[in-house]
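Structure at a glance
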Amino acid sequence: MEKISRRSFLKASAIVASAVALTACGDNSDSPANNPAGGENSAAGATGIKAGVFYYNFADAYITTVRTALDKELKDAGIAYDNFDAQTNQGQQMDQINTAITNGVNLLIVNIVETSSPDAAKQVVKAAQDAGVPVIFFNRAVEDSIIQSYDRCAFVGTDAPEAGHMQGEMIGDFLVKNFEKTDLNGDGKISYVMFKGQEGNDEAEFRTKFSVEDANEKLVAAGLPKLVFYDEKNADKFLVDPTGAWSAQAATDYMNTILASYTEANKNMVELIIANNDGMAEGAIAALQALGYNTGKEGSITIPVYGVDAMDSALDKIAKNQMTGTVKQDGEAMAATIATLVKNVNEGADLLANTEKYNFKKGVNKINVPYAKMS
């Protein structure tokens, strides 16, 4: 990382931090009177800064792993913080951020809700600049130009296309070895369903695109036909969670409808399920299991199902032959990386101090936590 991208925090930031510390220490009440911004508070024994951690949705399974790990990191470091749940509402998140700043939060850690346009992230950066506080975005994509627009801004996330490429490679490798077994109706092609978590989200867009493209590349190289979306009338070639919540329930609902018409008896059974995350993958499995598929029991047919996140529940299903593969998105590593930056702020150090071991995007303050294949 070049020196210019690691500008030190202004002395004024340290002065503000010291002043806020006087009010942050010992404020461990969850009552509305003491925590009017609506967050979960933990400040027992804390010194230095007070952070606000703004999550797009507590209900997201992967975000839950990050929140649990980050809570521990911050508590162990003795740093005061409030957690806020936007419940997938960008307006609510912005209100939470503005109120938290008014109430003395002087570090913003933001899992942005709206990713389909840069406006929301720009508003967050403006609020941080106006208040003279640093901001760390994480997990959900923010444009490079926004990160570069403020010298006290950084991003901790992933290389968005990587998960899609890994998922596609795993699917392609599996099908090349198991094509005939997977082709339940023997028509010489594999019929698939794609579950997309959210429109306009970089991770969802790249996972949806590359998982199919890369799988097809391997199939074609092996002399096999490309994947065929189960519904030829669907021009999108995916089914999206209409709430944008990447939810298991959305996948279950879709699959229940699909499986009412697409069956082995009709010789049009869905033969592969690809999901943008483990939650949707597990939702699809729930619908399959209701009809006797993917139980892991002897004699039960397992429809290949792939997700992303490597949640413990998904790994358990893989071990039980109920799910085929996933891509690990390491929530604990993401939390530890965020905590490194928070500690830097707390100690008055450069925002990106002690980060030489991390993978940076060249020329911008973006740290990428690597993915890994799991099957």
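Residues numbered from 1 in each chain as written. Predicted model: local features only at pLDDT ≥ 70, side-chain atom pairs only at ≥ 80, totals over all residues. Heavy atoms only, no water.

1. A closer look at the overall build of the chain
Tallying secondary structure elements over the chain gives 11 helices and 15 strands in all. Burial analysis of the chain (375 residues in total) assigns 55% to the buried set. For the chain, the accessible surface area stands at approximately 15,900 Å², while carbon and sulfur atoms represent 49% of it. (Helix = DSSP H or I, 4+ residues; strand = E, 2+ residues; numbered from the N terminus. Buried < 20%, exposed > 50% of the residue type's maximum accessible area, 1.4 Å probe, protein only. Areas by Shrake-Rupley, 256 points an atom, 1.4 Å probe, with all protein chains shown as cover.)

2. Digging into the packing of aromatic side chains
Across all of its chains, the model carries 9 aromatic pairs by this definition. Where tyrosine 55 meets phenylalanine 138, the ring centres are 5.7 Å apart and the plane angle is 80°; that geometry is what we call edge-to-face. One end of the pair, tyrosine 55, is in strand 2 (residues 50–55); the other, phenylalanine 138, is in strand 5 (residues 135–138), and 83 residues separate them in sequence. Take phenylalanine 138: its relative accessible area is 0%, and that puts it in the buried class. Site record: aromatic cluster; members linked through ring pairs are Tyr192, Phe229, Tyr230 and Tyr262. Geometry around tyrosine 56 places arginine 140 over its ring, the cationic atom sitting 3.9 Å from the centre. Lying across the ring of phenylalanine 238, lysine 196 places its NZ or CZ 4.2 Å from the centre. (Phe/Tyr/Trp six-rings, centres within 6.5 Å; stacked < 30°, edge-to-face > 60°. Lys NZ or Arg CZ within 6 Å of the ring centre and 35° of its normal.)

3. Side note on the nonpolar core
What tends to happen in soluble globular proteins is that the nonpolar side chains get buried as a cluster. The biggest cluster of nonpolar side chains holds 85 residues, and the ones touching the most others in it are Phe138, Phe195, Leu227, Met255, Leu272, Leu288 and Val342. Top element by residues in this core is helix 11 (residues 331–346). It accounts for 7 residues. Contact partners of phenylalanine 138, with chain neighbours within four places excluded, come to Val53, Phe54, Tyr55, Val66, Ile109, Val110, Asn111, Phe155, Val156, Met334 and Ile338. Counting 26 residues, the second largest nonpolar core, distinct from the first, contains Phe54, Met94, Val110 and Val364. (Core = buried A, V, L, I, M, F, W, Y, C linked by side-chain atoms within 4.5 Å. Contact = heavy atoms within 4.5 Å.)

4. With respect to the pairing of strand 2
Walk down a regular strand and you will see the side chains alternate between the two sheet faces. Among the 6 residues in strand 2, 6 count as buried, and that is most of the element. Burial of the side chains of strand 2 extends over both faces: Lys50, Gly52 and Phe54 are buried on one face and Ala51, Val53 and Tyr55 on the other. Where strand 2 lies against strand 3 (residues 80–85), 6 bridges are found, and the strand directions are parallel. Within strand 3, the position partnered with alanine 51 by the bridge is tyrosine 81. As a crossover connection, the stretch from strand 2 through helix 2 (residues 61–76) into strand 3 is right-handed. Pairing of strand 2 with strand 4 (residues 107–110) involves 4 bridges; the strand directions are parallel. (Pairing = 2+ DSSP bridges. Right-handed = clockwise from strand over helix to strand, strands pointing away.)

5. A word on empty space enclosed by the protein
Rolled over the atoms, a probe with the dimensions of a water molecule shows which regions are left empty. Scanning the entire structure with this criterion turns up 3 cavities of 30 Å³ or more. Space inside the largest cavity adds up to approximately 130 Å³. Contributing to the lining of the largest cavity are 13 residues, with Asp60, Tyr62, Asn139, Trp246 and Gln329 lying nearest its centre. Counting residues per element, the ones that place at least two in the lining of the largest cavity are helix 2 and helix 7 (202–221). Grouping the constituent residues of the lining of the largest cavity by class yields 4 nonpolar, 4 polar and 5 charged. (1 Å grid on protein atoms, 1.4 Å probe; cavity = no way out; pocket = protein on both sides within 12 Å on 5 of 7 lines; lining within 4 Å. Points joined across faces, edges and corners; volume = space filled by probe spheres on them. Nonpolar A, V, L, I, M, F, W, Y, C, P; charged D, E, K, R; others polar.)

6. Regarding the packing of helix 9 (residues 278–290) against helix 10 (residues 312–319)
Two numbers describe a pair of packed helices, the interaxial angle and the distance between the axes. One can describe the packing of helix 9 onto helix 10 by two numbers: an axis separation of 10 Å at closest approach and a directional angle of 45°. Between helix 9 and helix 10, the angle is such that the two are oblique. Remark: the crossing between helix 9 and helix 10 carries left-handed chirality. Contact with helix 9, carried on its side by Asp278, Glu282 and Ile285, involves Ser313, Ala314 and Lys317 of helix 10 and no other residues of that element. Looking at side-chain class alone, the contact of helix 9 with helix 10 contains 2 nonpolar, 1 polar and 3 charged residues. (Axes fitted to C-alpha atoms, helices over the stretch in contact; angles between N-to-C directions. Parallel < 35°, antiparallel > 145°, perpendicular 65-115°, else oblique. Left-handed = near helix turned anticlockwise from the far one by under 90°.)

7. Digging into unusual backbone geometry
If you check the backbone angles, asparagine 294 has positive phi at about 55° while not being a glycine. Among the structural elements, asparagine 294 can be located in the loop between helix 9 and strand 11 (305–306). A positive phi is found at alanine 310, a non-glycine position, where the angle reads about 60°. Within the secondary structure, alanine 310 is located in the loop between strand 11 and helix 10. For alanine 310, a relative accessible area of 12% corresponds to the buried category.

Function cannot be read off these values alone, since they describe shape.
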